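Summary of the model geometry
The chain contents come next:
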Amino acid sequence: MATPLVREAGAAPGAPEHGEQELGEKASRSRARISHGLDRFALIIAFIAIVVAFSASVPSTFDTVANLSNILGSQAVLFILTIAVLLPTIMGDFVDLSLGASLGLSAMTIAVLNVNHSVPIVYACLAGVGAAIVVGLVNTLFVVYYDNNPFIITLGTMTIVEGVTFIISTNATVGVVSTGLSNWVYTNTFLSIPLEFYYALAIFVAVWYVLSFTPVGQKALVIGQARDVARLSGFHVNRQRAWAFVIGAAIAGFAGIAYAGTYGSVAPTAGSAYILPAYAAVFLGATAIRPGRMNALGSLIAVYFLATGTAGLELLGAQAYIQQIFYGAALVVAVAFPTVTRKRIFKRRKTPILPRPTAAGS
Amino acid sequence: MSEQFDGRDGVSSPERHGRDVPGRAETPALVAKQISKSFDRTRALDGVDLTINRGEVVALVGQNGSGKSTLVKILSGYHEPEPGGELSIDGVDLPLPVPPGMAGEIGLSFVYQDLGLNGGMTVLENLNLSSRVRHGLGAWSPIWWRRERKEAARVLGLYEVSLALDARVRDLAPVHQARLAIVRSAHDLRRFQQTSGGHSSIMVLDEPTVFLPEEDVRFLFDLIRTLVNLGGSVLFVSHDLAAVREIADRTVVLRDGRKVAEVLRGDFDEDDLVDLIVGSATPRRASSRTEGTEEPEDARTVGGAASRPVAGVAERAGVAERAAPAVAAAPGPPRSERAIRIEGLTGGRLRDLSFALAPGEIVGLAGLIGSGAEDVPYLLFGSEAATAGTLEIGGEVLSIPHLSPSQAVRAHLALIPADRKQFGLGLELTVWENMVMLVQDDSFRRGVFRRDELVEIAKKGVVDFGIKPPRVDVRASALSGGNQQKLLLAKWLLAGPRLLIAHEPTQGVDVGARQDIYRIVRRAADAAAMAVVWVTTDFAELEEVCHRVVIVSRGRESGELQGEEMTEDSISAAVLRQLEEVG
C-alpha cells in the first residue's frame with residue numbers, strides 16, 4: 001500500500017513565500033480574535049433580544065410562569081434528544097440519523113408492552129431503552145468496526161427502525177400508557193416545571209461534566225477535530241466513537257420514555273419529527289460558547305432559544321408550522337452569519353495576501 | 001483553436017511524426033543555455049547548459065539539492081530563471097520563463113513521481129481527461145464513448161501498452177499506472193504538436209521509478225524505447241543509477257547547481273558516476289564548503305566500510321580525539337548499550353530491516369525515496385500494518401505487526417510524522433490543547449480536571465521549546481511551520497518517550513527553527529536518555545544531528561556510517577552505491 005505520508009522528493013527551498021505567509025498569519029490571527037468575541041455571544045445576544053421583544057409585544061402571555069413552564073417542559077424531549085445527537089457529532093461522526101427513530105422505537109416499545117401486554121411500566125421503560133441501545137450497537141458495528149460512512153449507514157438503520165416501529169405498533173397509535181409514567185414525567189412538577197425538565201437537566205449535566213471536565217471529553221474533542229492526530233497520539237479512537245454511538249442511543253431511549261410520558265399515546269412516526277430540530281440545535285449550539293466546536297452548553301442554549309422563539313411566535317398568533325421555518329432560518333443565519341460578516345469586514349485586507357501569478361504576457 | 005484538435009487527431013497518423021522529418025534531424029530537440037537560479041542566498045542553478053537531441057534519452061542525475069528539480073521546474077515554467085538564460089526547442093527560441101500552460105504546446109511534457117492520475121476513474125477516462133479539460137467550450141459537446149474507446153485502444157497499441165480500458169486506475173499495479181501516465185502524456189503531446197506544427201517532443205520523467213519494484217522497472221524501459229522509436233526524446237531524472245545506466249544515451253551530472261560532467265552510455269562505471277554525483281573524489285566539493293577537506297579516497301571506501309557490520313572501537317576513539325567540526329561528530333554510546341533493537345521489520349517497502357540503538361543515541365536512517373526508509377516510522381509506531389518484525393524496548397519484546405499506536409505510546413514511543421498538518425497537530429485546537437494531549441490524564445484527580453494546571457504546563461512549554469508567539473490560547477494553525485513543529489515536539493517530549501521516531505522533522509521549517517529543533521532533540525536525547533530514529537532524505541541534516549547513520553536500500557539495512565566517515569557526501573555515495581550493488 002502506498003503510504004500517504006511520504007513527502008515529495010527534492011522540495012525546493014521555499015523561502016520566498018515566507019514573508020507572505022507571516023503576513024497572512026498575522027491577519028488571520030487578529031481576524032480570529034475579533035470575530036471570536038462576536039461569534040461567541042451572538043446566540044446569547046439573539047436569545048436576549050427575542051425575550052425582550054416578546055416581553056414587550058405580548059407581556060400578558062409571554063411573561064408568565066405558565067409560559068416558562070411550557071417552554072421548559074414541552075421541549076424536554078427535544079432537549080434530551082439533542083444531548084443524544086451531540087455525542088456522535090462531537091466525535092466527528094457528523095450524523096446519526098437513526099437517533100430519532102430510536103426515540104420512536106423506544107416510546108413504541110414502552111407503549112406496546114405496557115398497553116397491549118400489561119408489562120409493568122418500569123420494565124417496559126427498560127425494554128424501550130434496551131431497544132434503542134440495540135440500534136446503537138448495530139450502528140457501531142457498521143460505522144466504527146467496519147468503517148463505513150455514518151451518514152449512509154444511519155440513513156439505512158433509521159429507515160429500518162422506523163419500519164420495525166410500524167410493525168410492532170401494527171400501524172396504529174398505541175395508548176394510553178400507565179398514568180404512573182405520565183405522573184412522574186409530565187404531570188408532577190417542581191417549581192411549576194414538569195419533572196421531565198429536571199431529568200433532561202440531569203442527563204445534560206452528566207454529559208456536560210464528562211465532555212468539559214474530564215480527559216475523556218478533551219480526547220473526544222481531539223477525535224472530533226483531528227481523528228488521525230488522535231489515533232497517532234495513542235487515543236482509543238474507535239472505542240470512544242463506539243461509546244458515543246451507544247450512549248447516544250441510550251439517551252435517545254430515555255427521550256422515548258419522556259415522549260411516552262408526555263403524550264400518553266405513541267404514534268408510529270413519533271421519532272422522525274425530532275431528529276432534524278435536534279441537529280439544528282446542535283449545529284446552532286456550535287456557533288456559541290466555543291465557536292466552531294460542538295459543545296454541550298451551546299446546545300442547551302440553542303434548544304431553549306428555539307423553544308422560546310416558537311413559543312413567542314405562537315403567542316403572537318402564528319400557526320404551529322411556523323416552528324419549522326423559525327428553526328431552519330435560525331440555523332442558516334447562525335451558521336452563515338460569522339462567515340458573511342468576516343468576508344465583508346476583511347475583504348480589503350485579504351486581497352494583497354493572495355499569491356500573484358508571475359506570468360509574462362502570452 | 002483547441003476545439004480543432006479532436007477532428008484532426010482522428011485522421012492523422014502519429015506514426016509519421018518525429019525523427020524522419022528531413023532537414024530537421026540536425027537541430028537538437030532542446031537546447032538550454034546558461035540557466036541560473038538562486039533562492040535567497042542559495043545558488044540552486046549556476047549557468048547550466050543542457051542539450052537533448054532528437055531520439056535521445058538523457059539522464060539527469062545529482063544529489064538532493066543539486067539543482068535537478070529546479071531545472072525541471074524551470075522547463076515547466078514553474079520557476080523563473082535569472083536573466084541571461086536561453087531556451088530553444090526545435091531551433092525556435094522561447095521566452096523565459098516558459099509561460100504557464102505553454103509547455104505542452106511547445107513539445108514538452110512532464111510525468112512526475114505522483115503521476116497525476118485520478119485513481120477513482122478508469123484507464124479510458126484518464127486517457128481522455130486532458131482533452132476533456134482542455135476543450136473549453138467544447139466541453140459541452142457530447143462524449144462519443146465508442147469512438148473514444150477505439151481511439152484509446154489505438155493509442156495504447158501504438159505504444160505497445162496493453163491495459164484494460166475499464167480497469168479502475170487505483171486497482172492497477174504501480175508500474176502500469178506509471179505506463180499509463182507516460183502514454184497519456186506522450187499522446188497529449190502529439191495532439192498539441194499536430195496543431196502547432198512542431199515536431200520535437202520531449203518527455204521529462206521526474207523520478208518515475210522510485211515506487212516501482214525493481215523487476216517492474218524494465219516495463220517502463222520498453223515504453224521509453226518505444227517513445228524514442230516514435231521520434232521522441234526523453235529527459236530521465238533519477239537517483240536510480242542502475243536504471244540510468246541501462247536506459248540513458250547520455251548522462252548529465254549536476255552538483256551544487258553546476259553541470260560537472262556529461263558521460264555517454266558505456267563510458268563510465270558506477271563508481272565514477274557516484275564520485276561525479278557526490279564530488280568527494282575531487283577537491284572541488286571541499287572548496288565549496290568552509291569546513292575542512294576530506295581525504296580523496298574517503299568516499300570510495302565508504303561502500304566497503306559501510307557493509308562491514310561493526311566499525312572498530314579504535315576508529316571511534318580516534319574520531320573523538322580529533323574533535324571534528326561537525327556538531328554531532330561525537331561518538332554515540334558504545335554498541336554494547338544498544339538496548340533498543342528492531343529485528344526483521346517487514347512491511348511496506350521494507351524487507352527484513354534490522355538495527356539497534358542505545359538510549360540517548362540519535363540514529364539516522366538514510367535511503368532514497370522508495371528505499372523503504374520512509375516507511376519505518378509508521379510501521380514501528382503501528383500506524384501502518386507490518387507483516388513481520390519485533391521491537392525490543394525497555395526489556396520488553398513487542399511484535400510490530402500486532403502493535404497499535406496506543407500500545408506504541410504506552411511503550412513510550414513517540415512519532416513526529418512528516419505530514420504534520422494531517423497527522424501531527426489538531427490545527428483547530430489551541431496550542432495548549434495540542435501540547436498536553438499526552439499528559440492530560442495526570443491532571444484528572446478525584447473527579448476534577450485541572451485545566452489550569454495543564455495551561456500552566458503549556459505556558460512553561462512554549463517558553464522551554466521557544467514557540468513563538470509564546471501564547472497558549474491561539475490555534476495551532478496560527479503558528480508558522482517551524483513553531484508548529486516545535487509544538488509537536490513539545491507534545492511528545494512532555495510524555496517522556498524512550499524512543500522518538502522523527503520523519504522529515506524539519507520539512508517546511510525555516511533555518512532558525514531548524515537549529516532549534518536539532519537543539520531540542522539533542523537536549524532531550526542527552527538529558528532523558530531518549531533514543532532517536534531520524535528519517536530524512538536531507539543527508540546534510542543527518543551529518544549534523546546524528547551519532548550514526550544506517551543506510552537503507554531496497555528495504556534492507558545495507559551499511560552503517562559514523563564519526564568522521566559520516567558526511568553528507570559519504571552518506572549520498574553509500575546510498576547510491578548500495579542501491580546499485582543490490583540492483
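Residues numbered from 1 in each chain as written. Chains lettered and ligands numbered in written order. Predicted model: local features only at pLDDT ≥ 70, side-chain atom pairs only at ≥ 80, totals over all residues.

Focus on the packing of helix H10 (residues 215-225) of chain A against helix H12 (residues 237-263) of chain A
All names here are of chain A. The contact between H10 and H12 brings their axes to 11 Å, and the two run at 100 degrees. Taken as axis vectors, H10 and H12 run roughly perpendicular relative to one another. Where H10 approaches H12, its residues Lys219, Ala220 and Ile223 are matched on the opposing element by Val237, Gln240 and Arg241. Classifying every residue of the contact of H10 with H12 gives 3 nonpolar, 1 polar and 2 charged. (Axes fitted to C-alpha atoms, helices over the stretch in contact; angles between N-to-C directions. Helix = DSSP H or I, 4+ residues; strand = E, 2+ residues; numbered from the N terminus. Parallel < 35°, antiparallel > 145°, perpendicular 65-115°, else oblique. Contact = placed C-beta atoms within 7 Å. Nonpolar A, V, L, I, M, F, W, Y, C, P; charged D, E, K, R; others polar.)

Looking at the nonpolar core
Counting 260 residues, the largest nonpolar core has A:Ile80, A:Leu81, A:Ala255, B:Phe236 and B:Val532 as the members making the most contacts within it. Ranked by residues supplied to this core, first place goes to H12(A) with 16 residues. (Core = buried A, V, L, I, M, F, W, Y, C linked by C-beta atoms within 7 Å. Buried ≥ 20, exposed ≤ 12 C-beta atoms within 10 Å, placed from the backbone.)

Brief notes about helix H17 (residues 481-493) of chain B
All names here are of chain B. Along its 13 residues, H17 runs 18 Å from first to last C-alpha, staying within 8% of the 18 Å computed at 1.5 Å per residue. Among the 13 residues in H17, 12 count as buried, and that is most of the element. Three or more residues of H17 are buried, namely Gly482, Asn483, Gln484, Gln485, Lys486, Leu487, Leu488, Leu489, Ala490, Lys491, Trp492 and Leu493. Looking at the packing, one finds that the buried side of H17 touches strand E16 (413-416), helix H14 (420-424), helix H15 (431-435), helix H16 (451-464), strand E19 (499-503) and helix H18 (511-528). (Expected span 1.5 Å × (residues − 1).)

Focus: the sheet that holds strand E7 (residues 202-206) of chain B
All names here are of chain B. The strand order E6-E7-E8-E3-E9-E10 describes an open sheet built from 6 strands, whose pairing is mixed. Looking at strand neighbours, the two that pair on one side only are strand E6 (108-111) and strand E10 (258-264), the edges of this open sheet. Across this sheet, the average inter-strand angle for adjacent strands is 20 degrees, counted without regard to direction. The sheet contact formed by strand E3 (residues 57-61) and strand E9 (residues 250-255) spans 4 bridges and is parallel. Paired with Val61 across the bridge in E9 is Val253. In the packing of helix H2 (residues 68-76) onto the sheet, the strands contacted are E3, E6, E7, strand E8 (233-237) and E9, and the crossing angle to E7 comes to about 145 degrees. Where helix H6 (residues 214-229) meets the sheet, its contacts fall on E3, E7 and E8, and the angle it forms with E8 comes to roughly 145 degrees. (Pairing = 2+ DSSP bridges.)

Comments concerning unusual backbone geometry
The omega torsion of the bond from B:Lys468 to B:Pro469 falls at 0 degrees, within 30 degrees of zero and hence cis. Among the secondary structure elements, B:Pro469 is positioned in the loop between H16 and H17. Phi angles above zero are rare outside glycine, and A:Ser192 is one such case at about 55 degrees. With respect to the element layout, A:Ser192 can be found in the loop between strand E1 (189-190) and strand E2 (193-194). The class of A:Ser192 is exposed, set by 11 C-beta atoms lying within 10 Å.

Focus: the environment of B:Ser233
Residue and element names in this part refer to chain B. Residue placement: Ser233 occurs in strand E8. When the 26 C-beta atoms within 10 Å are taken as the criterion, Ser233 is described as buried. C-alpha of Ser233 to C-alpha of Leu129: the two residues are 104 residues apart in sequence and 24 Å apart in space. In this structure, Ser233 is in contact with Ala29, Ile52, Asn53, Arg54, Gly55, Glu56, Ser200, Ser201 and Ile202, ignoring residues within four places of it in sequence.

Regarding the confidence of the model for chain B
Residue and element names in this part refer to chain B. Per-chain confidence: chain B averages 78 in pLDDT, with 82% of residues scoring 70 or above. The least confident element of chain B, judged by mean pLDDT, is helix H9 (residues 283-287) at 32; the most confident is strand E20 (residues 531-535) at 94. Every residue in residues 1-24 scores below 50 in pLDDT, and together they form 34 contacts with partners more than four places removed in sequence or on other chains. Scored below 50 in pLDDT, residues 282-329 makes 65 contacts in the model with residues more than four places away or belonging to other chains. Taken over the whole predicted complex, pTM reads 0.76, whereas the ipTM for its chain interfaces reads 0.77. (pLDDT = per-residue confidence, 0-100.)

A look at the sheet that holds strand E5 (residues 92-94) of chain B
Residue and element names in this part refer to chain B. The 4 strands lie next to each other as E2-E1-E4-E5, forming an open sheet whose pairing is antiparallel. Both outer strands of the open sheet, strand E2 (42-52) and E5, are each paired with one neighbouring strand and no more. For this sheet, the mean inter-axis angle between neighbouring strands, taken without regard to orientation, is 30 degrees.

What to know about the confidence of the model for chain A
Residues and elements named next belong to chain A. With 83% of its residues at a pLDDT of 70 or more, chain A has an overall mean of 80. In the model, residues 1-26 has pLDDT below 50 throughout and makes 42 contacts with residues more than four positions away in sequence or in other chains. Low pLDDT, under 50, characterises residues 345-362; the stretch is placed with 15 contacts to residues that sit more than four places away or in other chains.

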